[in-house]
Amino acid sequence: MPIVYPHKTAMPVRDPGQRRHSWDEVAEGYTVARAIAEARRCLNCQDPVCEQGCPVNVPIRDFVRAVAVGDFGAAAATIRRRNLLPAICGRVCPVEHQCEARCVLVPHQDPVGVGRLERFVADWERTHATGTPAAAPKLWRDQKVAIVGSGPAGLTVASDLAQLGYPVTIFEALHAYGGVLRYGIPQYRLPKEIVDEDVSHLTALGVEFVRDVIIGKTVTIDQLIDEWGYSAVFVGTGAGSPIFMNIPGENLKGIYSANEFLTRVNLMRAYSFPEYDTPVQRPKRAAVIGAGDTAMDAVRCSIRLGADEAHIVYRRSEQEKGARAEDYERARDEGVIFDWLTLPTRFLGDGNGWVRGLEAIRTELGEPDDSGRRRPIPIPGSEFTMDTDLVVIALGTNPNPLIPRTTHGLDTDTHGCITADPQTGATSRPGVYAGGDIVTGAATVILAMGAGRKAATAIHDYLQRHTPTDHDAEEYRKGHADGITWATDYATTDELHDLVTNYTPGHGGHFDNPHWQGFTAAAEEILNTTNPPDNS
(Lines give C-alpha, C1' and ligand atoms only; values in the text may rest on other atoms or scores of the structure.)
Protein backbone atom coordinates (compact mmCIF):
# COMPACT_ATOMS: atom_id res chain seq x y z
CA MET A 1 0.00 0.00 0.00
CA PRO A 2 1.65 3.28 -1.07
CA ILE A 3 2.03 6.15 1.35
CA VAL A 4 -0.39 8.89 0.30
CA TYR A 5 0.42 12.35 1.55
CA PRO A 6 -2.73 14.15 2.69
CA HIS A 7 -2.26 17.38 0.76
CA LYS A 8 -1.75 18.19 -2.92
CA THR A 9 1.79 18.93 -4.03
CA ALA A 10 2.03 22.72 -4.01
CA MET A 11 1.90 24.57 -7.34
CA PRO A 12 4.54 27.34 -7.47
CA VAL A 13 3.02 30.76 -8.18
CA ARG A 14 4.50 34.18 -8.74
CA ASP A 15 4.62 36.73 -5.91
CA PRO A 16 1.29 38.61 -5.49
CA GLY A 17 3.02 41.99 -5.34
CA GLN A 18 4.71 41.37 -8.67
CA ARG A 19 1.51 39.99 -10.20
CA ARG A 20 -0.35 43.27 -9.68
CA HIS A 21 1.83 44.89 -12.35
CA SER A 22 2.32 42.00 -14.76
CA TRP A 23 0.29 40.02 -17.29
CA ASP A 24 2.63 37.05 -17.11
CA GLU A 25 1.08 33.74 -16.13
CA VAL A 26 0.48 33.51 -12.37
CA ALA A 27 0.89 29.76 -11.90
CA GLU A 28 4.33 28.48 -12.83
CA GLY A 29 3.35 24.83 -13.21
CA TYR A 30 4.82 21.67 -11.74
CA THR A 31 8.44 20.69 -12.09
CA VAL A 32 9.15 17.09 -13.06
CA ALA A 33 9.78 16.16 -9.43
CA ARG A 34 6.56 17.80 -8.22
CA ALA A 35 4.51 16.16 -10.98
CA ILE A 36 5.81 12.69 -10.17
CA ALA A 37 5.26 13.25 -6.45
CA GLU A 38 1.67 14.31 -7.05
CA ALA A 39 0.97 11.46 -9.47
CA ARG A 40 2.19 8.97 -6.88
CA ARG A 41 -0.57 10.11 -4.54
CA CYS A 42 -3.02 8.34 -6.89
CA LEU A 43 -4.24 4.94 -5.67
CA ASN A 44 -4.77 3.61 -9.23
CA CYS A 45 -8.29 2.55 -8.33
CA GLN A 46 -9.66 -0.51 -10.07
CA ASP A 47 -12.80 1.53 -10.76
CA PRO A 48 -11.51 5.07 -11.53
CA VAL A 49 -14.60 7.01 -10.48
CA CYS A 50 -12.75 10.29 -11.13
CA GLU A 51 -13.23 9.64 -14.85
CA GLN A 52 -17.00 9.73 -14.40
CA GLY A 53 -16.68 13.40 -13.49
CA CYS A 54 -14.90 14.32 -16.75
CA PRO A 55 -17.28 15.48 -19.51
CA VAL A 56 -14.91 14.21 -22.22
CA ASN A 57 -13.95 10.97 -20.39
CA VAL A 58 -10.19 11.47 -20.22
CA PRO A 59 -8.53 8.20 -19.05
CA ILE A 60 -7.33 9.89 -15.86
CA ARG A 61 -6.02 6.81 -14.08
CA ASP A 62 -3.90 5.76 -17.07
CA PHE A 63 -2.33 9.14 -17.74
CA VAL A 64 -1.59 9.76 -14.04
CA ARG A 65 0.02 6.32 -13.81
CA ALA A 66 2.27 7.22 -16.77
CA VAL A 67 3.29 10.45 -15.04
CA ALA A 68 4.09 8.54 -11.86
CA VAL A 69 6.71 6.46 -13.70
CA GLY A 70 8.07 9.42 -15.67
CA ASP A 71 6.66 8.42 -19.07
CA PHE A 72 5.32 11.84 -20.00
CA GLY A 73 5.06 11.10 -23.71
CA ALA A 74 2.71 8.20 -23.00
CA ALA A 75 0.74 10.41 -20.62
CA ALA A 76 0.32 13.04 -23.35
CA ALA A 77 -0.81 10.46 -25.90
CA THR A 78 -3.30 9.03 -23.40
CA ILE A 79 -4.88 12.43 -22.70
CA ARG A 80 -5.11 13.40 -26.37
CA ARG A 81 -7.15 10.32 -27.15
CA ARG A 82 -10.04 12.13 -25.49
CA ASN A 83 -9.06 15.78 -24.95
CA LEU A 84 -8.03 18.10 -27.76
CA LEU A 85 -7.19 20.99 -25.42
CA PRO A 86 -5.23 19.63 -22.42
CA ALA A 87 -3.07 22.72 -21.84
CA ILE A 88 -6.23 24.84 -21.74
CA CYS A 89 -8.30 22.48 -19.61
CA GLY A 90 -5.42 22.01 -17.18
CA ARG A 91 -5.55 25.74 -16.54
CA VAL A 92 -9.22 26.68 -16.56
CA CYS A 93 -11.33 23.57 -15.84
CA PRO A 94 -13.29 23.66 -12.57
CA VAL A 95 -11.76 20.33 -11.56
CA GLU A 96 -12.83 20.76 -7.95
CA HIS A 97 -16.46 20.27 -9.12
CA GLN A 98 -15.74 17.54 -11.68
CA CYS A 99 -13.02 14.86 -11.74
CA GLU A 100 -11.33 15.83 -8.48
CA ALA A 101 -14.67 15.91 -6.68
CA ARG A 102 -15.02 12.17 -7.41
CA CYS A 103 -11.52 11.23 -6.15
CA VAL A 104 -11.70 8.50 -3.51
CA LEU A 105 -9.26 10.42 -1.30
CA VAL A 106 -11.99 12.98 -0.64
CA PRO A 107 -13.13 13.98 2.00
CA HIS A 108 -10.35 12.77 4.29
CA GLN A 109 -7.50 14.07 2.13
CA ASP A 110 -6.97 16.43 -0.78
CA PRO A 111 -7.88 14.87 -4.12
CA VAL A 112 -5.17 14.07 -6.62
CA GLY A 113 -4.32 17.24 -8.55
CA VAL A 114 -5.68 16.04 -11.88
CA GLY A 115 -5.87 19.52 -13.41
CA ARG A 116 -2.33 20.40 -12.40
CA LEU A 117 -1.01 17.11 -13.80
CA GLU A 118 -2.90 17.57 -17.06
CA ARG A 119 -1.36 21.01 -17.44
CA PHE A 120 2.11 19.64 -16.68
CA VAL A 121 1.79 16.91 -19.30
CA ALA A 122 0.50 19.29 -21.98
CA ASP A 123 3.25 21.82 -21.27
CA TRP A 124 5.89 19.09 -21.28
CA GLU A 125 4.63 17.84 -24.63
CA ARG A 126 4.69 21.35 -26.11
CA THR A 127 8.19 22.08 -24.79
CA HIS A 128 9.70 18.81 -25.94
CA ALA A 129 7.83 18.55 -29.26
CA THR A 130 8.30 14.79 -29.30
CA GLY A 131 8.42 13.12 -32.66
CA THR A 132 7.15 14.23 -36.05
CA PRO A 133 3.56 15.48 -36.18
CA ALA A 134 1.20 12.84 -37.46
CA ALA A 135 0.09 13.27 -41.06
CA ALA A 136 -3.35 14.79 -41.46
CA PRO A 137 -6.04 12.19 -42.15
CA LYS A 138 -7.31 12.18 -45.73
CA LEU A 139 -10.53 14.18 -46.04
CA TRP A 140 -12.14 11.62 -48.29
CA ARG A 141 -15.85 11.99 -47.59
CA ASP A 142 -18.19 13.87 -49.93
CA GLN A 143 -20.32 15.49 -47.23
CA LYS A 144 -18.83 18.62 -45.70
CA VAL A 145 -19.69 20.15 -42.34
CA ALA A 146 -19.86 23.80 -41.24
CA ILE A 147 -18.98 24.79 -37.67
CA VAL A 148 -20.28 28.14 -36.43
CA GLY A 149 -17.94 29.51 -33.77
CA SER A 150 -14.34 28.58 -32.91
CA GLY A 151 -14.79 28.15 -29.17
CA PRO A 152 -14.16 24.89 -27.30
CA ALA A 153 -17.34 23.17 -28.55
CA GLY A 154 -16.67 24.02 -32.18
CA LEU A 155 -13.00 23.05 -32.01
CA THR A 156 -13.91 19.66 -30.55
CA VAL A 157 -16.53 18.92 -33.21
CA ALA A 158 -14.11 19.97 -35.95
CA SER A 159 -11.32 17.75 -34.62
CA ASP A 160 -13.49 14.66 -34.27
CA LEU A 161 -15.11 14.99 -37.71
CA ALA A 162 -11.85 15.80 -39.52
CA GLN A 163 -10.35 12.64 -38.10
CA LEU A 164 -13.32 10.75 -39.55
CA GLY A 165 -12.50 12.14 -43.00
CA TYR A 166 -15.06 14.95 -43.27
CA PRO A 167 -14.11 18.31 -44.82
CA VAL A 168 -14.81 20.81 -42.02
CA THR A 169 -14.96 24.60 -42.14
CA ILE A 170 -15.05 26.73 -38.98
CA PHE A 171 -16.68 30.15 -39.39
CA GLU A 172 -15.65 32.74 -36.79
CA ALA A 173 -17.26 36.16 -36.41
CA LEU A 174 -14.15 37.76 -34.87
CA HIS A 175 -10.72 38.34 -36.38
CA ALA A 176 -9.02 35.70 -34.21
CA TYR A 177 -9.93 32.13 -33.29
CA GLY A 178 -10.69 30.50 -29.96
CA GLY A 179 -13.99 32.09 -28.92
CA VAL A 180 -14.21 32.60 -25.15
CA LEU A 181 -10.72 31.09 -24.81
CA ARG A 182 -9.47 34.13 -26.72
CA TYR A 183 -11.62 37.02 -25.58
CA GLY A 184 -12.84 35.90 -22.17
CA ILE A 185 -9.88 34.45 -20.25
CA PRO A 186 -7.01 36.79 -19.32
CA GLN A 187 -3.43 36.31 -20.43
CA TYR A 188 -2.20 35.68 -16.88
CA ARG A 189 -4.51 32.64 -16.64
CA LEU A 190 -4.37 31.36 -20.21
CA PRO A 191 -1.58 32.66 -22.46
CA LYS A 192 -2.87 33.24 -25.98
CA GLU A 193 0.10 31.36 -27.42
CA ILE A 194 -1.46 28.16 -26.07
CA VAL A 195 -4.75 28.89 -27.84
CA ASP A 196 -2.82 29.54 -31.06
CA GLU A 197 -1.06 26.19 -30.80
CA ASP A 198 -4.28 24.27 -30.30
CA VAL A 199 -5.83 26.02 -33.32
CA SER A 200 -2.74 25.06 -35.35
CA HIS A 201 -3.31 21.40 -34.43
CA LEU A 202 -6.69 21.57 -36.16
CA THR A 203 -5.20 23.24 -39.21
CA ALA A 204 -2.80 20.31 -39.43
CA LEU A 205 -5.83 18.00 -39.43
CA GLY A 206 -7.13 19.76 -42.54
CA VAL A 207 -9.76 21.94 -40.85
CA GLU A 208 -10.40 25.17 -42.75
CA PHE A 209 -10.79 28.38 -40.71
CA VAL A 210 -12.70 31.39 -42.03
CA ARG A 211 -12.78 34.53 -39.88
CA ASP A 212 -14.78 37.78 -39.98
CA VAL A 213 -17.97 35.94 -41.01
CA ILE A 214 -21.10 36.56 -38.96
CA ILE A 215 -23.43 33.62 -39.52
CA GLY A 216 -26.94 35.01 -39.58
CA LYS A 217 -25.79 38.25 -41.16
CA THR A 218 -22.93 37.70 -43.60
CA VAL A 219 -24.48 34.38 -44.57
CA THR A 220 -27.33 32.38 -43.02
CA ILE A 221 -27.42 28.75 -42.00
CA ASP A 222 -30.04 28.20 -44.72
CA GLN A 223 -27.54 29.47 -47.27
CA LEU A 224 -24.76 27.28 -45.88
CA ILE A 225 -26.95 24.24 -46.53
CA ASP A 226 -28.90 25.22 -49.66
CA GLU A 227 -26.31 27.27 -51.57
CA TRP A 228 -22.89 26.44 -50.16
CA GLY A 229 -23.39 22.68 -50.14
CA TYR A 230 -22.84 21.86 -46.45
CA SER A 231 -24.53 18.64 -45.40
CA ALA A 232 -24.63 19.48 -41.67
CA VAL A 233 -24.04 22.49 -39.45
CA PHE A 234 -22.93 22.69 -35.82
CA VAL A 235 -23.74 25.88 -33.90
CA GLY A 236 -21.31 26.62 -31.06
CA THR A 237 -21.61 30.38 -30.74
CA GLY A 238 -21.63 30.51 -26.95
CA ALA A 239 -23.55 32.97 -24.81
CA GLY A 240 -22.22 36.44 -25.41
CA SER A 241 -25.18 38.74 -24.82
CA PRO A 242 -24.61 40.49 -21.45
CA ILE A 243 -27.12 40.80 -18.63
CA PHE A 244 -27.40 44.27 -17.08
CA MET A 245 -28.86 45.53 -13.80
CA ASN A 246 -31.27 48.08 -15.31
CA ILE A 247 -30.68 50.68 -12.60
CA PRO A 248 -30.22 54.46 -13.00
CA GLY A 249 -26.89 55.62 -14.43
CA GLU A 250 -26.01 52.31 -16.09
CA ASN A 251 -25.31 54.06 -19.41
CA LEU A 252 -22.54 56.28 -17.99
CA LYS A 253 -19.13 56.14 -19.64
CA GLY A 254 -16.69 53.90 -17.78
CA ILE A 255 -19.36 51.24 -17.15
CA TYR A 256 -18.75 48.04 -19.12
CA SER A 257 -20.31 44.65 -19.46
CA ALA A 258 -17.78 41.99 -18.52
CA ASN A 259 -17.78 40.73 -22.11
CA GLU A 260 -16.87 44.13 -23.53
CA PHE A 261 -14.25 44.82 -20.88
CA LEU A 262 -12.54 41.43 -21.20
CA THR A 263 -12.74 41.57 -25.01
CA ARG A 264 -10.91 44.89 -25.01
CA VAL A 265 -8.31 43.58 -22.59
CA ASN A 266 -7.79 40.12 -24.13
CA LEU A 267 -8.83 39.99 -27.78
CA MET A 268 -7.87 43.63 -28.49
CA ARG A 269 -4.74 43.20 -26.38
CA ALA A 270 -5.02 46.13 -24.00
CA TYR A 271 -2.66 44.05 -21.84
CA SER A 272 0.10 44.83 -24.39
CA PHE A 273 -0.05 48.63 -24.01
CA PRO A 274 1.57 50.69 -25.54
CA GLU A 275 2.19 48.21 -28.38
CA TYR A 276 -1.61 47.98 -28.66
CA ASP A 277 -3.28 51.27 -27.76
CA THR A 278 -6.70 49.74 -27.14
CA PRO A 279 -9.28 52.18 -25.73
CA VAL A 280 -10.18 50.95 -22.25
CA GLN A 281 -10.58 52.76 -18.95
CA ARG A 282 -7.45 52.56 -16.77
CA PRO A 283 -8.94 53.02 -13.31
CA LYS A 284 -7.88 54.22 -9.91
CA ARG A 285 -10.84 52.65 -8.08
CA ALA A 286 -12.62 49.76 -9.81
CA ALA A 287 -15.86 48.02 -8.86
CA VAL A 288 -16.90 44.69 -10.39
CA ILE A 289 -20.50 43.60 -9.83
CA GLY A 290 -20.76 39.83 -9.38
CA ALA A 291 -18.69 37.02 -7.85
CA GLY A 292 -18.29 34.34 -10.50
CA ASP A 293 -15.23 33.33 -12.51
CA THR A 294 -15.78 36.18 -14.97
CA ALA A 295 -16.00 38.71 -12.15
CA MET A 296 -12.69 37.46 -10.72
CA ASP A 297 -11.08 37.80 -14.14
CA ALA A 298 -12.40 41.33 -14.55
CA VAL A 299 -11.34 42.57 -11.12
CA ARG A 300 -7.84 41.12 -11.45
CA CYS A 301 -7.52 42.72 -14.90
CA SER A 302 -8.50 46.09 -13.41
CA ILE A 303 -5.61 45.80 -10.95
CA ARG A 304 -3.19 45.12 -13.80
CA LEU A 305 -4.58 48.14 -15.66
CA GLY A 306 -3.50 50.32 -12.73
CA ALA A 307 -6.28 50.31 -10.12
CA ASP A 308 -5.08 51.23 -6.62
CA GLU A 309 -8.29 49.71 -5.23
CA ALA A 310 -10.38 46.99 -6.83
CA HIS A 311 -13.68 45.82 -5.31
CA ILE A 312 -15.94 42.84 -5.83
CA VAL A 313 -19.49 43.96 -5.05
CA TYR A 314 -21.88 41.06 -4.51
CA ARG A 315 -25.40 41.02 -3.11
CA ARG A 316 -24.97 37.58 -1.48
CA SER A 317 -22.35 36.23 0.92
CA GLU A 318 -18.93 34.67 0.35
CA GLN A 319 -20.48 31.19 0.61
CA GLU A 320 -22.71 31.83 -2.42
CA LYS A 321 -19.96 33.05 -4.77
CA GLY A 322 -19.60 31.15 -8.04
CA ALA A 323 -15.87 31.60 -8.58
CA ARG A 324 -13.35 28.79 -8.38
CA ALA A 325 -11.65 28.64 -5.00
CA GLU A 326 -8.18 28.92 -6.55
CA ASP A 327 -9.00 32.10 -8.48
CA TYR A 328 -10.76 33.61 -5.49
CA GLU A 329 -7.71 33.02 -3.31
CA ARG A 330 -5.40 34.52 -5.92
CA ALA A 331 -7.63 37.58 -6.25
CA ARG A 332 -7.57 38.01 -2.48
CA ASP A 333 -3.77 37.68 -2.44
CA GLU A 334 -3.53 40.40 -5.10
CA GLY A 335 -5.41 42.83 -2.86
CA VAL A 336 -8.99 42.64 -4.15
CA ILE A 337 -11.49 44.03 -1.62
CA PHE A 338 -14.68 41.98 -1.23
CA ASP A 339 -17.93 43.80 -0.43
CA TRP A 340 -20.25 40.92 0.38
CA LEU A 341 -23.98 41.41 0.99
CA THR A 342 -23.93 44.66 -1.00
CA LEU A 343 -26.44 45.61 -3.69
CA PRO A 344 -25.82 48.58 -6.08
CA THR A 345 -28.92 50.71 -6.57
CA ARG A 346 -27.67 53.62 -8.70
CA PHE A 347 -24.54 54.76 -10.54
CA LEU A 348 -23.30 58.31 -10.09
CA GLY A 349 -21.65 60.41 -12.80
CA ASP A 350 -19.79 63.68 -13.24
CA GLY A 351 -20.66 66.58 -15.52
CA ASN A 352 -19.00 64.90 -18.49
CA GLY A 353 -20.99 61.68 -18.32
CA TRP A 354 -18.30 59.52 -16.68
CA VAL A 355 -19.04 57.23 -13.76
CA ARG A 356 -17.63 58.52 -10.48
CA GLY A 357 -19.36 56.32 -7.90
CA LEU A 358 -22.21 54.06 -7.02
CA GLU A 359 -24.91 54.02 -4.40
CA ALA A 360 -25.52 50.69 -2.68
CA ILE A 361 -27.44 49.14 0.17
CA ARG A 362 -26.44 46.34 2.52
CA THR A 363 -28.40 43.08 2.35
CA GLU A 364 -29.14 40.05 4.46
CA LEU A 365 -30.03 36.57 3.24
CA GLY A 366 -33.58 35.28 3.43
CA GLU A 367 -35.22 32.11 2.14
CA PRO A 368 -33.90 30.39 -1.02
CA ASP A 369 -35.16 31.74 -4.36
CA ASP A 370 -35.70 29.90 -7.67
CA SER A 371 -31.93 29.45 -8.09
CA GLY A 372 -31.73 27.51 -4.81
CA ARG A 373 -29.61 30.20 -3.17
CA ARG A 374 -30.79 32.35 -0.29
CA ARG A 375 -32.46 35.50 -1.53
CA PRO A 376 -30.74 38.82 -0.64
CA ILE A 377 -33.03 41.25 1.19
CA PRO A 378 -32.08 44.98 1.42
CA ILE A 379 -31.60 46.33 4.97
CA PRO A 380 -33.44 49.67 5.37
CA GLY A 381 -31.20 52.56 6.40
CA SER A 382 -27.94 50.85 5.33
CA GLU A 383 -27.43 52.89 2.16
CA PHE A 384 -23.91 54.18 1.38
CA THR A 385 -21.84 55.58 -1.50
CA MET A 386 -18.67 54.11 -3.02
CA ASP A 387 -16.23 56.09 -5.18
CA THR A 388 -15.27 54.41 -8.45
CA ASP A 389 -14.13 55.40 -11.92
CA LEU A 390 -14.61 51.95 -13.51
CA VAL A 391 -17.56 49.58 -13.17
CA VAL A 392 -17.71 46.13 -14.75
CA ILE A 393 -21.04 44.30 -14.64
CA ALA A 394 -20.41 40.54 -14.48
CA LEU A 395 -23.85 39.09 -13.81
CA GLY A 396 -23.92 36.49 -16.54
CA THR A 397 -24.84 36.29 -20.22
CA ASN A 398 -27.57 35.11 -22.55
CA PRO A 399 -27.22 33.64 -26.05
CA ASN A 400 -27.05 36.03 -28.99
CA PRO A 401 -30.45 35.79 -30.75
CA LEU A 402 -29.07 36.34 -34.28
CA ILE A 403 -28.89 32.72 -35.44
CA PRO A 404 -32.28 31.61 -34.05
CA ARG A 405 -33.92 34.66 -35.63
CA THR A 406 -32.41 34.01 -39.06
CA THR A 407 -32.72 30.21 -39.21
CA HIS A 408 -36.02 28.72 -40.28
CA GLY A 409 -37.39 26.02 -37.98
CA LEU A 410 -34.84 26.40 -35.17
CA ASP A 411 -36.54 26.23 -31.76
CA THR A 412 -35.34 28.05 -28.61
CA ASP A 413 -36.33 27.98 -24.95
CA THR A 414 -37.60 30.85 -22.80
CA HIS A 415 -34.02 32.06 -22.20
CA GLY A 416 -33.21 32.22 -25.90
CA CYS A 417 -31.02 29.10 -25.81
CA ILE A 418 -31.26 26.77 -28.80
CA THR A 419 -33.26 23.68 -27.91
CA ALA A 420 -31.10 20.62 -28.51
CA ASP A 421 -31.05 16.98 -27.43
CA PRO A 422 -28.54 16.79 -24.54
CA GLN A 423 -27.22 13.42 -25.77
CA THR A 424 -26.78 14.29 -29.46
CA GLY A 425 -26.99 18.07 -29.87
CA ALA A 426 -29.72 17.58 -32.50
CA THR A 427 -31.96 20.63 -32.89
CA SER A 428 -35.46 20.94 -34.31
CA ARG A 429 -33.90 21.61 -37.72
CA PRO A 430 -32.69 18.41 -39.48
CA GLY A 431 -28.96 18.51 -40.09
CA VAL A 432 -28.40 21.36 -37.64
CA TYR A 433 -26.74 20.58 -34.29
CA ALA A 434 -25.80 22.80 -31.36
CA GLY A 435 -23.83 22.56 -28.13
CA GLY A 436 -22.06 24.48 -25.42
CA ASP A 437 -23.27 27.76 -23.93
CA ILE A 438 -25.69 28.44 -26.81
CA VAL A 439 -27.68 25.46 -25.49
CA THR A 440 -26.98 25.41 -21.74
CA GLY A 441 -26.31 29.07 -21.03
CA ALA A 442 -22.93 30.16 -19.68
CA ALA A 443 -21.04 27.12 -18.37
CA THR A 444 -17.47 25.78 -18.60
CA VAL A 445 -14.91 24.98 -21.28
CA ILE A 446 -14.91 21.25 -20.57
CA LEU A 447 -18.72 20.98 -20.58
CA ALA A 448 -18.76 22.67 -23.99
CA MET A 449 -16.16 20.19 -25.20
CA GLY A 450 -18.23 17.31 -23.89
CA ALA A 451 -21.26 18.60 -25.81
CA GLY A 452 -19.11 18.96 -28.92
CA ARG A 453 -17.91 15.37 -28.68
CA LYS A 454 -21.49 14.04 -28.43
CA ALA A 455 -22.57 16.23 -31.35
CA ALA A 456 -19.69 15.05 -33.55
CA THR A 457 -20.74 11.43 -33.03
CA ALA A 458 -24.35 12.29 -33.79
CA ILE A 459 -23.44 14.28 -36.91
CA HIS A 460 -21.43 11.34 -38.23
CA ASP A 461 -24.39 9.01 -37.65
CA TYR A 462 -26.73 11.48 -39.34
CA LEU A 463 -24.52 11.87 -42.40
CA GLN A 464 -24.20 8.10 -42.75
CA ARG A 465 -28.00 7.89 -42.93
CA HIS A 466 -28.50 11.10 -44.91
CA THR A 467 -29.68 10.77 -48.51
CA PRO A 468 -29.28 13.64 -50.97
CA THR A 469 -32.20 16.03 -51.29
CA ASP A 470 -34.21 16.43 -54.50
CA HIS A 471 -32.22 19.59 -55.14
CA ASP A 472 -28.96 17.64 -54.79
CA ALA A 473 -30.21 14.97 -57.14
CA GLU A 474 -31.22 17.52 -59.76
CA GLU A 475 -27.83 19.26 -59.52
CA TYR A 476 -26.10 15.91 -59.86
CA ARG A 477 -28.10 15.11 -63.04
CA LYS A 478 -27.22 18.51 -64.55
CA GLY A 479 -23.56 18.03 -63.69
CA HIS A 480 -23.62 14.53 -65.19
CA ALA A 481 -25.07 15.88 -68.45
CA ASP A 482 -22.45 18.64 -68.60
CA GLY A 483 -19.74 16.08 -67.92
CA ILE A 484 -20.92 13.85 -70.77
CA THR A 485 -20.87 16.81 -73.18
CA TRP A 486 -17.40 17.93 -72.11
CA ALA A 487 -15.94 14.43 -72.15
CA THR A 488 -17.31 13.47 -75.57
CA ASP A 489 -17.01 16.77 -77.47
CA TYR A 490 -14.09 18.69 -75.95
CA ALA A 491 -11.79 16.67 -73.64
CA THR A 492 -8.64 14.85 -74.65
CA THR A 493 -7.87 11.44 -73.23
CA ASP A 494 -5.10 12.97 -71.13
CA GLU A 495 -7.52 15.56 -69.72
CA LEU A 496 -9.96 12.83 -68.80
CA HIS A 497 -7.20 10.86 -67.08
CA ASP A 498 -6.06 13.98 -65.23
CA LEU A 499 -9.54 14.81 -63.96
CA VAL A 500 -10.36 11.30 -62.79
CA THR A 501 -6.94 10.66 -61.27
CA ASN A 502 -6.59 13.92 -59.38
CA TYR A 503 -10.15 14.52 -58.26
CA THR A 504 -10.54 13.63 -54.57
CA PRO A 505 -13.77 14.34 -52.65
CA GLY A 506 -13.24 16.68 -49.72
CA HIS A 507 -11.13 19.39 -51.33
CA GLY A 508 -13.69 22.02 -50.42
CA GLY A 509 -15.20 24.74 -52.59
CA HIS A 510 -16.77 23.61 -55.89
CA PHE A 511 -15.33 20.10 -55.59
CA ASP A 512 -17.92 19.15 -52.97
CA ASN A 513 -21.19 20.17 -54.60
CA PRO A 514 -23.54 17.67 -56.33
CA HIS A 515 -23.04 19.30 -59.77
CA TRP A 516 -19.28 18.69 -59.73
CA GLN A 517 -19.75 15.16 -58.39
CA GLY A 518 -22.05 14.39 -61.34
CA PHE A 519 -19.62 16.01 -63.76
CA THR A 520 -16.64 13.91 -62.62
CA ALA A 521 -18.72 10.73 -62.50
CA ALA A 522 -19.67 11.27 -66.16
CA ALA A 523 -16.05 11.87 -67.12
CA GLU A 524 -15.04 8.61 -65.44
CA GLU A 525 -17.81 6.72 -67.28
CA ILE A 526 -16.62 8.01 -70.64
CA LEU A 527 -12.98 7.29 -69.80
CA ASN A 528 -13.86 3.70 -68.95
CA THR A 529 -15.61 3.03 -72.25
CA THR A 530 -13.92 0.78 -74.79
CA ASN A 531 -12.94 3.68 -77.06
CA PRO A 532 -12.83 6.96 -75.12
CA PRO A 533 -12.95 10.02 -77.41
CA ASP A 534 -9.82 12.03 -78.05
CA ASN A 535 -10.50 15.62 -79.08
CA SER A 536 -6.86 16.61 -79.46
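Refer to the preceding data block for the structure.
Cut-offs applied
- Residues numbered from 1 in each chain as written.
- Predicted model: local features only at pLDDT ≥ 70, side-chain atom pairs only at ≥ 80, totals over all residues.
- Heavy atoms only, no water.
- 1 Å grid on protein atoms, 1.4 Å probe; cavity = no way out; pocket = protein on both sides within 12 Å on 5 of 7 lines; lining within 4 Å.
- Points joined across faces, edges and corners; volume = space filled by probe spheres on them.
- Helix = DSSP H or I, 4+ residues; strand = E, 2+ residues; numbered from the N terminus.
- Nonpolar A, V, L, I, M, F, W, Y, C, P; charged D, E, K, R; others polar.
- Pairing = 2+ DSSP bridges.
- Axes fitted to C-alpha atoms, helices over the stretch in contact; angles between N-to-C directions.
- Left-handed = near helix turned anticlockwise from the far one by under 90°.
- Contact = heavy atoms within 4.5 Å.

**Some details on empty space enclosed by the protein**
Applying the stated criterion to the full structure yields two cavities of 30 Å³ or more. Forming the walls of the largest cavity are 16 residues, and the residues nearest its centre are Cys 42, Cys 45, Cys 50, Cys 103 and Val 112. Counting residues per element, the lining of the largest cavity draws most heavily on helix α3 (residues 60-68), at three residues. Split by residue class, the lining of the largest cavity holds 13 nonpolar, one polar and two charged. In terms of lining residues, the second largest cavity is bounded by 15 residues, among which Cys 54, Cys 93, Val 95, Cys 99 and Glu 118 are the most central.

**Considering the sheet that holds strand β6 (residues 255-257)**
Ordered by their spatial adjacency, five strands build an open sheet running β6-β14-β7-β8-β9, and the pairing between neighbours is parallel. Since the sheet does not close on itself, it has two edges, and those belong to β6 and β9 (337-339), each with one partner. In this sheet, neighbouring strand axes are inclined to one another by 20° on average, regardless of whether the strands run parallel or antiparallel. Bridge analysis of strand β7 (residues 285-289) against strand β8 (residues 309-313) gives five bridges, and the strand direction is parallel. Residue pairing across strands places Ala 287 opposite His 311, the latter belonging to β8.

**Quick look at the packing of α3 against helix α6 (residues 114-128)**
Taken N-terminus to C-terminus, the directions of α3 and α6 make an angle of 60°; their axes are 11 Å apart at the nearest point. Judged by the twist between their axes, the crossing of α3 over α6 is left-handed. Between α3, through Ile 60, Phe 63, Val 64 and Val 67, and α6, the contact on the second element is made entirely by Val 114, Leu 117, Glu 118 and Val 121. A per-class count over the contact of α3 with α6 returns seven nonpolar, no polar and one charged.

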